[in-house]
Amino acid sequence: MNTQQPGDPSGRGGAPSPAGETGAGSPRRRGPTVVVAGGGTAGHIEPAMALADAVRRLRPDASVVALGTERGLETDIVPARGYPLELVPPVPMPRKASPELLRMPSKVRDSVRRTREVLERVGADVVVGFGGYVSLSAYLGARGRVPIVVHEANARAGLSNKVGARFAREVLAAVPDSGLPGARTIGIPLRESITTLDRASLRAQARAHYGLRPDAPTVLVFGGSQGAQTLNTAFSGASDELGRAGIGVLHAHGPKNTVAVRELPGAPPYVPVPYLERMDLAYAAADLVVCRSGAMTVAEVSAVGLPAVFVPLPHGNGEQALNAQPVVTAGGAKLISDAELTPQRVIDEILPLAGDSEVLARMNRATLGTGHREADRVLAETTLEVAGA
């Protein structure tokens, strides 16, 4: 079993001490142990880490352990957030009949066995799953042994969470009609730096940080951690017109990509960056965001009240368009398909929107109405209740 026991860079202290004695032999009750399972992508891991932080705020004596696989981003994200990570064999689910499908039963048994060993060794009081490869092993390993809580972030539930929801104590979801019967809608747990963000008070600092003009309408463009070629092409192609219109741009193009833009004399800066380390500052700097509509992105944009133009990823089962729909219906965002986002569409539709402060103010109010800033606390309270804490 691979186990990582990182320190706690947040300053809150490492994992709490186990039950035992303190002082002159006086007993101390062990706090609850919460195991979170949400490996693979940031969309599964970040809500798990937000829950972990919220649990520790409510119960400083709690122990939170993350369950993951060596294939996922959790091997970087979880240690950096100061939580122990237990690795188990991955169980990827084939999408069609293949030799891999025939090997699934033995892989599932091995992963479930290893997961049960972890749950027993750490003394798990509750397992909280967020979907992805590792969640299926967590649900099957915990079934009948440790109470389960399921959280579904996407508008369309994945297979792992559909399985886990069948024997979970509590089922929660980001949006209604996720495909999990009886799920309680609470939104997505988010980092405290996002849920407490005051964009207006941080705007001057944020624009100075990125070298943006303090008084120019500003558009934030990003396509996820790797960037998005469609957004890169459309905005770099419209950069001259944006500059002439007095619109500033902060554009995260992805670490493996570049964008070529001209510097127009007297125009607000067009600032290309490989990635955004401080999303709170990026959100605070912007009047409008143009981005993909993954579940986490939609939740963050809604929580901070930032008007948006969503450009759903054109792959998968259409969940990104579904993720964006509640905000679009409320009037806080617009939807443009990937195939339709061209430089001319940016000039004709996004440029005028970025300069219309009255429309953006209305969109801001509508977006805030769809946000769930308290989801981390609600899920943490539910988790601790299920754990018997």
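Structure report, in brief. Computed from a predicted structure; not experimentally measured.

## Some remarks on the side chain of Asn323
By secondary structure assignment, the location of Asn323 is in helix α13 (residues 319–330). Here Asn154 takes part through its side chain, which lies 3.5 Å from a polar atom of the side chain of Asn323. If sequence neighbours within four positions are ignored, Asn323 has contacts with Asn154, Ala155, Ser293, Gly294, Ala295 and Val298.

## Side note on unusual backbone geometry
Even without being a glycine, Asp177 presents a positive backbone phi close to 60°. In this fold, Asp177 is placed in the loop between β9 (170–173) and β10 (184–185).

## Observations regarding helix α14 (residues 343–354)
Of the positions making up α14, those classed as buried are Val346, Ile350, Leu351, Leu353 and Ala354. Each buried residue of α14 lies within a common arc of 150° when the element is viewed along its axis, so the set occupies one face.

## Quick notes on the nonpolar core
Formed by 41 residues in total, the largest nonpolar core has its most connected members in Leu220, Phe222, Leu250, Leu276, Tyr283 and Phe310. In terms of residues, this core owes the most to one element, helix α12 (residues 295–304), which gives seven residues. When we break this core down by domain, the ones giving at least three residues each are domain 1 (33–190 + 373–387) and domain 2 (193–369).

## Some details on the packing of helix α9 (residues 229–237) against α14
Contact geometry of α9 with α14 gives a least axis separation of 7 Å together with a crossing angle of 65°. One element, α9, and the other, α14, form an angle in the roughly perpendicular class. Considering only the axes of α9 and α14, their crossing is right-handed. Seen from α9, the contacting residues are Thr233, Ala234, Phe235 and Gly237; seen from α14, they are Pro343, Val346 and Ile350. Its residues placed into classes, the contact of α9 with α14 shows five nonpolar, two polar and no charged.

## Let's talk about the pattern of salt bridges
Tallying each qualifying case throughout the model produces 20 salt bridges. The shortest N-O distance in the salt bridge between Asp110 and Arg113 comes to 2.7 Å. Taken together, the residues span about one helical turn, with Asp110 and Arg113 both in helix α4 (residues 104–122) at a distance of three residues. Exposure remark for Asp110: the relative accessible area of 28% places this residue in the partly exposed category. A salt bridge links Glu170 to Arg184; the nearest nitrogen and oxygen atoms lie 4.0 Å apart. With Glu170 in strand β9 and Arg184 in strand β10, the pair connects residues that are 14 residues apart, well separated along the chain. On the basis of relative accessibility, which here comes to 36%, the residue Arg184 falls in the partly exposed class.

## Looking at the pairing of strand β7 (residues 126–129)
The alternating pattern of β7 places Val126 and Val128 on one face and Val127 and Gly129 on the opposite face, and all of these are buried. Examined bridge by bridge, strand β4 (residues 33–37) and β7 share four bridges and lie parallel to one another. Of the residues in β7, the one forming a bridge with Ala37 is Gly129. As judged from the three bridges shared by β7 and strand β8 (residues 148–152), these two strands associate in the parallel manner.

## Re the environment of Val290
The topology assignment puts Val290 in strand β14 (residues 288–291). Residues contacting Val290, with those up to four places away along its chain left out, are Val219, Leu220, Val221, Phe222, Leu231, Phe235, Val309, Val311 and Ile350.

## Remarks on the side chain of Gln320
Take Gln320: it is sitting in helix α13. Sequence-distant contacts of Gln320, that is, excluding residues within four places in its chain, are made with Arg292, Ser293, Gly294, Val311, Pro312 and Leu313.

## Observations regarding the sheet that holds strand β15 (residues 308–310)
As summarised here, the arrangement of the six strands in space is β13-β12-β11-β14-β15-β16, forming an open sheet in which the pairing is parallel. At either margin of the open sheet sits one strand with a lone partner, and together these are β13 (270–273) and β16 (333–335). Each strand axis lies, on average, 15° off the axis of its neighbour in the sheet, ignoring direction. Both strand β11 (residues 218–222) and strand β12 (residues 248–252) contribute to a ladder of five bridges, which runs parallel. Bridge pairing in β12 links Thr218 to Gly248. Against the sheet, α14 engages β11, β14, β15 and β16, with an angle of about 150° to β14.

Rules used in this analysis
- Numbers given for residues are sequential positions, taken from 1 along each chain in its written order.
- For this predicted model, a pLDDT threshold of at least 70 governs which residues receive local features, and a threshold of 80 or more governs which side-chain atom pairs are given and counted, while totals over whole chains, interfaces and linings are taken from all residues.
- Each side-chain value is worked out from all heavy atoms of the structure, with water and hydrogens disregarded.
- Where helices and strands are cited, they refer to DSSP runs of H or I of at least four residues and of E of at least two residues respectively, numbered from the N terminus.
- Whenever a nitrogen or oxygen atom comes within 3.5 Å of another N or O atom, the pair is scored as a polar contact, on the condition that within protein one atom can donate a hydrogen and the other can accept it, and that pairs from neighbouring residues in sequence are kept only if both atoms are in side chains.
- Every residue pair with non-hydrogen atoms within 4.5 Å of one another is taken to be in contact.
- Residue exposure (1.4 Å probe, protein chains only): buried if accessible area is under 20% of the type maximum, exposed if over 50%, otherwise partly exposed.
- As used here, the arc is the angular range of directions from the helix axis to the C-beta atoms.
- The criterion is simple. A nonpolar core is a set of buried Ala, Val, Leu, Ile, Met, Phe, Trp, Tyr and Cys residues joined through side-chain atoms within 4.5 Å.
- Each domain's extent is set by a domain assignment, obtained either automatically or from a database.
- Note on geometry: axes are C-alpha line fits, over the in-contact stretch for helices, and angles between N-to-C directions span 0 to 180 degrees.
- By definition in this entry, angles of less than 35 degrees are roughly parallel, angles greater than 145 are roughly antiparallel, angles of 65 to 115 are roughly perpendicular, and the rest are oblique.
- Should the near helix be turned anticlockwise from the far one by less than a right angle, the crossing is termed left-handed; should it be turned clockwise, right-handed.
- Classes in brief: Ala, Val, Leu, Ile, Met, Phe, Trp, Tyr, Cys and Pro nonpolar; Asp, Glu, Lys and Arg charged; the others, Gly included, polar.
- Here a salt bridge means any side-chain nitrogen of Lys or Arg lying within 4 Å of a carboxyl oxygen belonging to Asp or Glu.
- A pair of strands is considered paired only if DSSP assigns at least 2 bridges between the two.

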